[in-house]
There are 2 protein chains.
Amino acid sequence: MSLFQDVYDVIVVGAGHAGCEAAAAAANMGSKTLLVTMNLQTIAQMSCNPAMGGIAKGQIVREIDAIGGYSGIVSDKTAIQFKMLNKSKGPAMWSPRVQSDRMRFAEEWRLRLEHTPNLDFYQEMVSGLLVDKNRITGVRTSLGIEIKAKSVVLTNGTFLNGLIHIGDKQFGGGRAGERASTGITEQLVDFGFDTGRMKTGTPPRVDGRSLDFSKMIIQPGDEIPEKFSYSKETSPLTHQRPCHMTYTSPEVHELLKEGFDRSPMFNGRIKSIGPRYCPSIEDKIHRFADKDRHQLFVEPEGWDTCEIYVNGFSTSLPEDVQFKALRSVVGFENVKFFRPGYAIEYDYFPPTQLTHTLETKLVDGLFFAGQINGTTGYEEAASQGLMAGMNAHLKVYEKDPFMLQRDEAYIGVLIDDLITKGTEEPYRMFTSRAEYRTLLRQDNADERLTPLSYKAGLASEERLMMMEEKREASDKLVKYFEETSILPEEVNDLLEERGSSPMKQSDKMFKVFSRPQIHLDDIKKFKKVAAYIEDNAIEKDVLEQAEIKVKYAGYIEKEKANADKLSRLENIKIPANFDYSKLKSLSYEAKEKLEKIRPVTISQASRISGVSPSDISVMLVYMGR
Amino acid sequence: MSLFQDVYDVIVVGAGHAGCEAAAAAANMGSKTLLVTMNLQTIAQMSCNPAMGGIAKGQIVREIDAIGGYSGIVSDKTAIQFKMLNKSKGPAMWSPRVQSDRMRFAEEWRLRLEHTPNLDFYQEMVSGLLVDKNRITGVRTSLGIEIKAKSVVLTNGTFLNGLIHIGDKQFGGGRAGERASTGITEQLVDFGFDTGRMKTGTPPRVDGRSLDFSKMIIQPGDEIPEKFSYSKETSPLTHQRPCHMTYTSPEVHELLKEGFDRSPMFNGRIKSIGPRYCPSIEDKIHRFADKDRHQLFVEPEGWDTCEIYVNGFSTSLPEDVQFKALRSVVGFENVKFFRPGYAIEYDYFPPTQLTHTLETKLVDGLFFAGQINGTTGYEEAASQGLMAGMNAHLKVYEKDPFMLQRDEAYIGVLIDDLITKGTEEPYRMFTSRAEYRTLLRQDNADERLTPLSYKAGLASEERLMMMEEKREASDKLVKYFEETSILPEEVNDLLEERGSSPMKQSDKMFKVFSRPQIHLDDIKKFKKVAAYIEDNAIEKDVLEQAEIKVKYAGYIEKEKANADKLSRLENIKIPANFDYSKLKSLSYEAKEKLEKIRPVTISQASRISGVSPSDISVMLVYMGR
Ligand SMILES: Cc1cc2nc3c(=O)[nH]c(=O)nc-3n(C[C@H](O)[C@H](O)[C@H](O)COP(=O)(O)OP(=O)(O)OC[C@H]3O[C@@H](n4cnc5c(N)ncnc54)[C@H](O)[C@@H]3O)c2cc1C
Ligand SMILES: Cc1cc2nc3c(=O)[nH]c(=O)nc-3n(C[C@H](O)[C@H](O)[C@H](O)COP(=O)(O)OP(=O)(O)OC[C@H]3O[C@@H](n4cnc5c(N)ncnc54)[C@H](O)[C@@H]3O)c2cc1C
């Protein structure tokens, strides 16, 4: 009698950030789901830094939350510090970030998954896939157990043939102290998949008791912390733990350079490409030779632990070099190591082999999410997991896929970039990757995505109602500003004080509020506004929404118009079996790329590198547009 | 610049129960200590059942606490259920036991160690020892780092060349999902150490959501829970989580037998010996063929998790057989597995190669503690760790060793058994192994051991004072009972009601209280006693102590007298270089064993199997006694 009797709707392989979101989404939508992972004690382990969010990544966490994933809630519940980054810039740039308690984060995820209906767990290594005529039918474990499923989501992270490097030493492993995973890559290559190697690194972990924090710059959390989740289930932190900052120095750089000849990155032992935007300290010294110092953030790993994550000091130099150099950093004179930094090389699958639902083009019902697709970062992984889990469910239940456009979500940008452009180096999200970032703000992810997710069957009705109430309230408030007039004598003192030209005659409040020098706090001081807010019991998030809608109305309108143009192109679908060989005037490169990627729309085709505007014209003409 | 600059006083290898206690003890006594372990995320991982204490083991936890170890405090803080086992028997048999929250247990240990002064941490595998002319000088890690130390405590548990078996499949590993440790055994064999293989097993973990608890027998915790630690730092549980019980059946047994030919235990693939008293379910069926059912305890793994430990169903049968059979158990009809049970084989070192301080005879300054010595069980491991850690410190600081006699502690019995008799099968503590179990009660471990540990430099003065206050108070109360008279008319009604013969004339309260039919609750009902208790604010533990001292006075006296006899023999020391070959009248077997074990006292010599009373006489005569 096999351990597994039934056919699962969805099997998720791996319980990192991608796997956890995938499993939760599929199960919450009603799929009979199994999460198989190598070690049930390491569910949602943060492999690298103990933090969630940050620039562009914080927006993604808000989007995951708006869609109905758990990353936001888990992050809120296990945060030790909250910061809204870029608060001095426009709201499109505001990016929430938390420091997390590493142990609590993993525990909260695990318990939350255990309380998710339809979700089973199994601890073992998956060593192969069951495929019948290009259709997935399940997985095979290292014990030889076959588990049947209608769809499978692979989220193996950095584990596939993982190889750890420290200086000139190397050994197999999926993460420090954990085994690598073998078998899957080889089988997928047999099926015709392309595979490549990437690498990523992590800094040493050190003993906080050996550091002199008095020599560093304290980095407290926000005075008024906010949170990720739109739900009422979590609340902002009432106390926080500070981080610290210090710097490397020319001396530190010289000491590090002593190890370059024994560095796997410089002596050619590691050939794969690392994350450009999360470079190792040796990379930074090498690439920015003129900079004589780099910031190091000294981040606690939890509420009570003395373990410290040295953010900015990722390295695979020999451990003695790491140590000697770190000892020369101010505040680290007596540092003790818990473990050295290291780099890891692993297999990934170029994501151009996927469709917008993250399903592979070669094997029906097989989805990939997370680091396996060549991305880096927890948020990137989690959001792909969510999308893959939803689409695996939708596919099994023969419903419409759930896809997000570039003007709807960072997640849309992420997936479109991956499958359209592929990636040669670990892909990380940035605000600059999004064309419509004034639309894709962290404050409105619920307005953007909760209705779509509700329609697809994941976001709850309660969430939808909450979002609608919030939107209505802020729209009403904006309308109030649009309709309510204000007299020069009421406002000119303020305007003068702020260096803004005085009003000559009565005007709408909206106009005054639009001026860059005037803030919500000023407006709130007007008696009638204060009364209106109080009478309508308007909450902070609604006020903030209204403020953004007023102050950025112009930008938002403009981006919406641009996005509409895009969406016209987006609406021109390319037939699935479109025969590019017939289009003689296409450039050779374009033809090759189009054949490979097989874009779904003209808009997607236009984003493929090597496809020029004239190639697009050729296609439009051919399609009779 | 090596990662490690200084010479440590004590390096502890491994952070299981043995390693954690060893590190804490050495550091708390003032040794500069380093704890090296393969994965800092798995400190104090409970490899098997989520429980501490039990018969004889609960006494050991109390002893560890009395000496100043952390196991009692950690167990109290992370318990989900408390039970005093054997409460219906005499107080010598009372044995505290808790169910633990597995994740919290590990976290609490880790944080507690982090807050221990003098203790450093390092994550890596130790692959070899540094030895200079039979003296330990440090360890070497898998990265080749040399860390110097004056003494080393090895606590590798089940990791040395660990080999996991499930049915006819086998693979290397130290624990499910963790790597094995290699290198150390081979090196120690080169130094001349004997080594052997042992095996142990663990049951499947299952999904509590798939069980029907209504068909099982509920097993709640005690109505008035107590706790392990004598300190005020912990308090008894205010709410608890219940366990459940169910049974195997002849049908289940038949299903299991179907897998016997594929069982590594029966087909000869596993040759090493498993724990007789923690047998696998297949062992039980095989050895007790006439029993048609066995108890299974269904134990939750924590407060919130749905993971369940199936206590009593340890097995290495093929996973499909495990599953099929467990599905036939009442309440388990729809069981889902988190992971199958398995057996593990590992290297151990016959403990006759150690002295009473747990130092090896072959390498000066090298200590062994825990499963590496052929024991099984967390408590056995933890107590050895504590003793090895203390003695490693004492040796480095050239102080007297800390050793416990057989009449002082279960820990004394454990170590004396190990080093004197050795063990061919995994050694587990039982009350029956102790000759003086009326002395070695769970309630008086503080009286027995705190003063000794205080003298040695571990137990705090505060603990000593607490213990002394408690002892004085109970002695005073006993004296009160001895001195206070009671009249027949005061007590005869009660005596009659209890079926005890009436008193003829006034007598001491002590006498009445001594009668088996009369309990503390009866005595407390006498007005003067109640007043005395209230006036002196006498607490529960003091009352209980006094009761035991009164009611078991006879037994205790008798055992003390016996123990004194032993300690006379114990005082006859055998010179370190005693030449047994000169004693022609010694039996051949005795001579061989005595040469190997080299007992320190005549008493120890008498406990070596194969050494007869007449051999002892020969020795006494030769030594001029
Ligand atoms: C050393 C290191 C350094 C990193 N540095 C950075 C950084 O600087 N910046 C950054 O943004 N990101 C960094 N990351 C990446 C970040 O950790 C990942 O992007 C993120 O964790 C990926 O999530 P995931 O879910 O795809 O995979 P992971 O979190 O790696 O999870 C993979 C899961 O799959 C399981 N698994 C794998 N194979 C199998 C199998 N065959 N069968 C069953 N289970 C399996 C594993 O046990 C694990 O649970 C680093 C990662 C590592 C390991
Ligand atoms: C599968 C299984 C079943 C068991 N069943 C039972 C049972 O039924 N009943 C029972 O009473 N007991 C059982 N036990 C035993 C119980 O778990 C042990 O007795 C107890 O945990 C031993 O404690 P320890 O400290 O000696 O070793 P462990 O708890 O095994 O800890 C060993 C530690 O050493 C570390 N380590 C090992 N080698 C190295 C190295 N070279 N370098 C650095 N670190 C290293 C490991 O990472 C780990 O932290 C079982 C154990 C296992 C694994």
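Residues numbered from 1 in each chain as written. Chains lettered and ligands numbered in written order. Predicted model: local features only at pLDDT ≥ 70, side-chain atom pairs only at ≥ 80, totals over all residues. Heavy atoms only, no water.

Enquirer: Describe the site of ligand 2, and please don't skip the residues or the numbers.
Expert: All names here are of chain B. In the region of ligand 2, 35 residues are neighbours, and Ala 18, Val 126, Ser 181, Gln 371 and Gly 377 sit closest. Taking Ser 181, its side chain carries an N or O atom lying 2.9 Å from a nitrogen atom of ligand 2. When the free accessible area of ligand 2 is taken as 980 Å², the share hidden by the protein chains comes to 98%. Secondary structure elements with two or more residues in the shell around ligand 2: α1 (17–29), β2 (33–37), β12 (196–202), β19 (342–348) and α9 (378–396). (Near = heavy atom within 4 Å. Polar contact = N/O pair within 3.5 Å; in protein donor to acceptor, adjacent residues only side chain to side chain. Areas by Shrake-Rupley, 256 points an atom, 1.4 Å probe, with all protein chains shown as cover. Helix = DSSP H or I, 4+ residues; strand = E, 2+ residues; numbered from the N terminus.)

Enquirer: Lay out the interface of chain A and chain B in plain terms, naming residues and giving numbers.
Expert: With 52 residues of chain A in contact, the opposing surface of chain B contributes 52 residues. Interface area, chain A with chain B, both sides summed: about 4,700 Å², of which 52% is carbon and sulfur. On the chain A side of the contact with chain B, Met 1, Leu 143 and Arg 179 of chain A bury the most area, a combined 15% of that side's loss. Viewed at the interface, chain B and chain A are joined by six salt bridges. Notably, a salt bridge pairs Glu 307 of chain A with Arg 110 of chain B, separated by 2.3 Å at the nearest N-O pair. (Contact = heavy atoms within 4.5 Å. Buried area = accessible area lost by both parts, 1.4 Å probe. Salt bridge = Lys/Arg side-chain N within 4 Å of Asp/Glu carboxyl O.)

Enquirer: I'd like to hear about helix α17 (residues 540–551) of chain B, residue by residue, with values.
Expert: All names here are of chain B. Between its terminal C-alpha atoms α17 stretches 16 Å, which fits the 16 Å expected from twelve residues at 1.5 Å a residue. Counting buried positions along α17 yields ten of twelve residues, so the element is predominantly enclosed. Within α17 the residues assigned to the buried category are Val 542, Leu 543, Glu 544, Gln 545, Ala 546, Glu 547, Ile 548, Lys 549, Val 550 and Lys 551. Elements in contact with the buried residues of α17: α11 (445–456), α12 (461–483), α14 (509–514), α15 (520–523), α16 (527–535) and α18 (553–570). (Expected span 1.5 Å × (residues − 1). Buried < 20%, exposed > 50% of the residue type's maximum accessible area, 1.4 Å probe, protein only.)

Enquirer: For the relation of the copies chain A and chain B, give the residues involved together with the corresponding values.
Expert: Of the transformation placing chain A onto chain B, the axial shift is 0.0 Å and the rotation is 180°, giving an RMSD of 0.1 Å. The symmetry that links the two subunits is that of a two-fold axis. An overlap of 100% is found between the interface residues of chain A and their copies at the interface of chain B, pointing to a shared contact surface. (Least-squares fit on C-alpha atoms with pLDDT ≥ 70 in both.)

Enquirer: Which residues make up the packing of aromatic side chains, and what values do they have?
Expert: Counted according to the given criterion, the structure contains 30 aromatic pairs over all chains. Ring plane angle 80° and centroid distance 5.6 Å describe the contact between Phe 578 of chain A and Tyr 622 of chain A, whose orientation is recorded as edge-to-face. Here Phe 578 of chain A, found in the loop between α18 (553–570) and α19 (588–597), pairs with Tyr 622 of chain A, found in helix α21 (residues 613–622); they are 44 residues apart in sequence, far enough to count as distant. The class of Tyr 622 of chain A is partly exposed, set by a relative accessible area of 45%. Taken together, Tyr 480, Phe 481, Phe 513 and Tyr 532 of chain A form an aromatic cluster joined through their ring pairs. Here the guanidinium or amino end of Arg 112 of chain A rests over the ring plane of Tyr 70 of chain A, the centre of that ring lying 5.5 Å away. The positively charged end of Arg 433 of chain B is found above the aromatic ring belonging to Tyr 427 of chain B, 4.0 Å away from the centroid. (Phe/Tyr/Trp six-rings, centres within 6.5 Å; stacked < 30°, edge-to-face > 60°. Lys NZ or Arg CZ within 6 Å of the ring centre and 35° of its normal.)

Enquirer: Any details on the sheet that holds strand β3 (residues 51–53) of chain A? Residues and values, ideally.
Expert: Residue and element names in this part refer to chain A. The three strands lie next to each other as β3-β5-β4, forming an open sheet whose pairing is antiparallel. The sheet is open, and its two borders are formed by β3 and β4 (79–85), each paired with just one other strand. Mean inter-strand twist for the sheet, computed between neighbouring axes without regard to direction, equals 20°. Pairing between β3 and strand β5 (residues 95–100): three bridges, direction antiparallel. Bridge pairing in β5 places Ala 51 opposite Gln 99. (Pairing = 2+ DSSP bridges. Axes fitted to C-alpha atoms, helices over the stretch in contact; angles between N-to-C directions.)

Enquirer: So what's going on with unusual backbone geometry? Which residues, and what values?
Expert: Residue and element names in this part refer to chain B. Positive phi, close to 55°, is recorded for Ala 44, a residue that is not glycine. Considering the arrangement of structural elements, one finds Ala 44 in the loop between β2 and β3 (51–53). Looking at Ala 44, the relative accessible area reads 0%, which means it is buried. A positive phi angle, close to 50°, is found at Ala 537, a residue other than glycine. With respect to the secondary-structure elements, Ala 537 resides in the loop between α16 and α17.

Enquirer: Describe the environment of Phe 402 of chain A, with residues and values.
Expert: All names here are of chain A. Within the secondary structure layout, Phe 402 lies in the loop between α9 (378–396) and α10 (410–421). Looking at Phe 402, the relative accessible area reads 5%, which means it is buried. Spatially, the C-alpha atoms of Phe 402 and His 356 are 8.9 Å apart, while their sequence positions differ by 46 residues. In this structure, Phe 402 is in contact with Ile 67, Met 387, Met 390, Asn 391, Leu 394, Leu 452, Ser 453 and Ala 456, ignoring residues within four places of it in sequence.

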